[in-house]
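# Report on the structure
Read off the chains here:
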Amino acid sequence: MNEPGDVAVEPGGDGVEPGGDVVEPGDGDARDPGGDGSAGTADAAQDAPDSGALGSGALGSGALGRGRRVVLGVVAGAALVAVGGLLATVLVKSPAQVAAETGPPAQGLLTAEVEQRVLARTVVTRGTVVADQSVDVAPQPRAGEGAAAAVVTKLPLKAGDAVAAGQLLAEVSGRPVFALKGTLPVYRDLRPGSTGDDVAQLQQALRALGHGTGADAKGVFGAGTKAALTARYRAIGYDPLPAVADGGEAVKAARQAVRTAQWAVEDASADAGTGAGAGNGAGAGNGAGAGGRSGTPATGSPSAGPASGAGDGETTGVGRTAGKSGGGEGDSGRALARARQALADARAELASVEAADGPMLPASETVILGSFPARVSGIAGRVGGPVSGPVLTLSAGELVVETYLKDDKKQLLRAGMSVVIASEATGLDARGKVALVAGERSTGRPAGGQQPGQGGQGDAAGKGGDLGFRMVVRADRPLPPALAGQDVRLTIESASTDGQALVVPVTAVSATADGGTVVTAVGGDGTPRRIEVRVGTSGDGYVAVTPVRAGALTAGAKVVIGAAPKDGGNGQDGGNGQGGRDGQGGRDPKGTGSPRRPAE
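Below you will find a few notes about this structure. (Residues numbered from 1 in each chain as written. Predicted model: local features only at pLDDT ≥ 70, side-chain atom pairs only at ≥ 80, totals over all residues. Heavy atoms only, no water.)

### Let's talk about the packing of aromatic side chains
Worth spelling out the cut-off: Aromatic pairing here means that ring centres of Phe, Tyr or Trp (its six-membered ring) are within 6.5 Å. Orientation follows from the plane angle: under 30 degrees is stacked, over 60 is edge-to-face, and everything else is tilted. Going along the chain from the N terminus, every DSSP run of H or I of four or more residues is numbered as a helix, and every run of E of two or more is numbered as a strand. Exposure classes here rest on a 1.4 Å probe applied to the protein chains alone. A residue is buried below 20% of its type maximum, exposed above 50%, and partly exposed in between. The rule is short: NZ of Lys or CZ of Arg within 6 Å of the ring centre and within 35 degrees of the ring normal puts a charge over the ring.
For the coordinates displayed, the defined rule picks out one aromatic pair. A centroid spacing of 5.4 Å and a plane angle of 85 degrees characterise the contact between Phe178 and Tyr233, whose relative ring orientation is edge-to-face. Of this pair, Phe178 sits in strand β7 (residues 175-181) while Tyr233 sits in helix α5 (residues 223-235), placing them 55 residues apart in sequence. No difference in accessibility class separates Phe178 from Tyr233, as the two residues are buried. Cation over ring: Arg117 sits above Tyr542, and NZ or CZ is 4.8 Å from the ring centre. Here the basic side chain of Lys410 rests over the ring of Phe469, its NZ or CZ set 5.1 Å away from the ring centre.

If you want it as structure tokens, here you go:
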């Protein structure tokens, strides 16, 4: 602590804080009040009377230098802080401020341009590429064949093998199962004497395999069809099952009946021939008798009486013989006629029995496919195993796309609609048409074209949940085999405008109190005007419109699709800043992305 009399700097002089060395009034070293503040210090240094006074002045000068440096450091730091704060306020911006400065200017209405183009409404779904016909083969042997349960005894094919018409597919309980071409499902056993379209289909399939059906009429299972069917069974190494399983006893009995009737006719004919000879003799006797009687009066002979008596007796005897012979001839004729009728009946029965006899085609031994070659798409059975389900699965025909529709989509689609088939895996785009939209729901598992109810082929659908309404899409050109089993995208054009039409976003259309529909167009001066329109096809967020007053709305015009908040920060979310600025999220103050309709 400096004593009174030491040099001191006045406050406000050179930045030394008050409270330092105070200069008392009247000191010889005091700074000149009117000077520059340095003379007093110099004079004090020069006028020091001794070394003690000089040392005291040096110490005061060092403390002053250090004080100045401290003050200057503090001032410089404060200045830097002030400049840094200023730069931070200028250069550093919050995300909301940056977005606000870069966003578009606030607008009162959101508009869109009226377009003129073809507008289509589309339905997009997924489907699976499958064969046009897929058949699960699950044969069951006929009752009464002696097998307690159906057992797979032969499987000559493996998955992926090609299948030709007439080829052996499997053997179940020693009986063959083979494929034939056709369109009608097998629903009954076909036997000799059967008639119908399914018989005609069998005849056509056998002829295609080289087995002629002879003179059989179309759709009649006759002798020619029997021979052709027997030849087909022999070609695959089996004997056909007989239609009448009695070992031929019925035919033998019928043939024996014919022989017996033939013998009866022969016997009756012989008896009838003998009776005719006796009648002739009687006729001659009658003539002789008659001659005797008639000759007596003519000759006038006295012996006429005896002759007449002889003649009478002879005539009487001959008459009795003639009467007996005539009765025998009648009995023999009736016997012969009856024998001949019995022979005709026996022959008719033999024809009937022979017609019913012969090979049959059990429903369990054939599979009908629409086209060949087919292929084995799966093997489920094994040799020695029971037939508890499908033994194998066959696929035939061209590839189609199969899918199942729910109620909402089913109401929009119908056969004949155009479809675009797209495969993301292969990059394929193909066009096609809806071939089928089922009217009833399907249950179980997708069957890929299975024809339900085919005899001997099992229930391909099985049991399961509701699949929806089956829809089949057929490509305009055959799909490549590599697509089989792949999942593809289906884009179905369910509706389309008739040529080009005026289209606007659906948000541009409003309903009026009287049930009409209008759009609000904005003129070049920004003035909105309402235009009454009729709406048409809609799709992809647009709707076709037709102005009620012709020419009131044209392509290129601006229509209002919503209102932007005027206090939302240039299209930004006025509440939490999460809204979009391109009309997607900044259309309402809450940032929900829902446009606000202009006031009606």
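### Some thoughts on the side chain of Ser423
Cut-off, in case you're wondering: Here a polar contact means two N or O atoms within 3.5 Å. Within protein one must be a hydrogen donor candidate and the other an acceptor candidate, and residues neighboring in sequence count only if both atoms are side-chain atoms.
Secondary-structure assignment places Ser423 in the loop between β11 (418-422) and β12 (429-443). On the basis of relative accessible area, Ser423 is assigned to the buried category, the value being 5%. A polar contact is formed between the side chain of Ser423 and the side chain of Gln486, at a distance of 3.3 Å.

### A short note on the pairing of strand β17 (residues 517-522)
Stated precisely, the cut-off is as follows: Only strands that DSSP links by at least two bridges are regarded as paired with each other.
Taking burial as the measure, the six residues of β17 include five buried ones, the bulk of the element. When strand β16 (residues 509-511) meets β17, the two strands line up antiparallel, connected through three bridges. Bridging across to β17, Val509 finds its partner in Val519. Between β16 and β17, which pair antiparallel one after the other, the connecting turn spans five residues, and Gly515 there sits at a positive phi close to 90 degrees. Bridge count between β17 and strand β18 (residues 528-539): six bridges; the pairing is antiparallel. Note on β18: the bridge partner recorded for Ala521 is Arg529.

### Here's the deal with α5
Basically, it comes down to this: To estimate the expected span of a helix, subtract one from its residue number and multiply by 1.5 Å.
The first and last C-alpha atoms of α5 sit 19 Å apart over 13 residues, in line with the 18 Å expected at 1.5 Å per residue. Where α5 is concerned, the buried positions are Gly224, Thr225, Lys226, Ala228, Leu229, Thr230, Arg232 and Tyr233.

### Thoughts on the pattern of salt bridges
Two side chains that carry opposite charge are able to pair once their charged atoms sit near each other. In plain terms, the rule: Any carboxyl oxygen of Asp or Glu that lies within 4 Å of a side-chain nitrogen of Lys or Arg is treated as forming a salt bridge with it.
Counted according to the given criterion, the structure contains 16 salt bridges. Between Arg126 and Glu424 there is a salt bridge whose closest N-O contact spans 2.9 Å. Placement of Arg126 in strand β3 (residues 120-137) and of Glu424 in the loop between β11 and β12 is noted, with a sequence separation of 298 residues between them. We classify Arg126 as partly exposed; its relative accessible area is 35%. Glu402 is the salt-bridge partner of Arg470, the closest N and O atoms lying 2.6 Å from each other. Separated by 68 residues along the polypeptide, Arg470 in strand β13 (residues 466-475) and Glu402 in strand β10 (residues 392-405) bring together distant segments of the chain. Each of the two residues, Arg470 as well as Glu402, counts as buried. Look at the salt bridges and you will find they share partners, linking Arg126, Glu424, Asp487 and Arg489 into a network.

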